[in-house]
Amino acid sequence: LNPQEEAIKSQKIELVRLFVNKLPAKYQRLVKLRYFDELSYDEIAKELGAPLGTVKAQLHRARELLYDLVKAKKEHI
């Protein structure tokens, strides 16, 4: 990537992290484990001691909340 593309990529990553930090703590942890640490659903379930279905459902809810946050702020981005 050229310097401009690298700067844009860094800004996008920081923006995503800001939105993730606005989520409730339980969803933050799930999103960070899945997308930042790149753990599988099974690995997350083991890490949290939660059923696989619960992990999937909560990640789905976390993605919905993130979408709502981004949608609400879209005109400011």
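Here the structure is a predicted model, which is why all the values come from computation and not from measurement.

Conventions used here
- Residues numbered from 1 in each chain as written.
- Predicted model: local features only at pLDDT ≥ 70, side-chain atom pairs only at ≥ 80, totals over all residues.
- Heavy atoms only, no water.
- Helix = DSSP H or I, 4+ residues; strand = E, 2+ residues; numbered from the N terminus.
- Buried < 20%, exposed > 50% of the residue type's maximum accessible area, 1.4 Å probe, protein only.
- Contact = heavy atoms within 4.5 Å.
- Phe/Tyr/Trp six-rings, centres within 6.5 Å; stacked < 30°, edge-to-face > 60°.
- Lys NZ or Arg CZ within 6 Å of the ring centre and 35° of its normal.
- pLDDT = per-residue confidence, 0-100.
- Axes fitted to C-alpha atoms, helices over the stretch in contact; angles between N-to-C directions.
- Parallel < 35°, antiparallel > 145°, perpendicular 65-115°, else oblique.
- Nonpolar A, V, L, I, M, F, W, Y, C, P; charged D, E, K, R; others polar.

Right, let's talk about the overall build of the protein for a bit. Regarding its fold elements, the protein presents 4 helices and 0 strands. Counting from the amino terminus, the protein carries its helices and strands in the arrangement α-α-α-α. Each of the three principal axes of the protein carries a C-alpha extent, and together these read 45 × 30 × 15 Å. The buried share among the 77 residues of the protein stands at 19%. For the protein, the proportion of contacts with a sequence separation of at least 24, taken over those separated by at least 6, is 46%.

Let us look at the packing of aromatic side chains. Inspection of the entire model under this criterion finds 0 aromatic pairs. One Lys or Arg, Arg-34, reaches over the ring of Tyr-35 and ends 6.0 Å from the middle of that ring. Looking at Lys-56, its charged tip hangs above the ring of Tyr-41, at a distance of 5.9 Å from the centre.

Per-chain confidence: the protein averages 92 in pLDDT, with 96% of residues scoring 70 or above. Across the protein, the element-wise mean pLDDT spans from 92 in helix α1 (residues 3-21) up to 96 in helix α3 (residues 41-48).

This part takes up the packing of α3 against helix α4 (residues 52-73). Contact geometry of α3 with α4 gives a least axis separation of 9 Å together with a crossing angle of 105 degrees. Taken together, the axes of α3 and α4 lie roughly perpendicular to each other. Here α3 contributes Tyr-41, Asp-42, Ile-44 and Ala-45 to the contact with α4, which in turn contributes Leu-52, Val-55, Lys-56, Leu-59 and Arg-63. Looking at side-chain class alone, the contact of α3 with α4 contains 6 nonpolar, no polar and 3 charged residues.

For the rest of this paragraph, the subject is unusual backbone geometry. Of note, Glu-38 is a non-glycine position whose phi angle comes to about 60 degrees, a positive value. Residue placement: Glu-38 occurs in the loop between α2 (25-36) and α3. Accessibility expressed as a relative area gives 64% for Glu-38, which makes it exposed.

Secondary-structure assignment places Gln-28 in helix α2. Judged by relative accessible area, which is 17%, Gln-28 ranks as buried. With residues up to four places along the chain from it excluded, the contact list for Gln-28 reads Val-20, Asn-21 and Leu-23.

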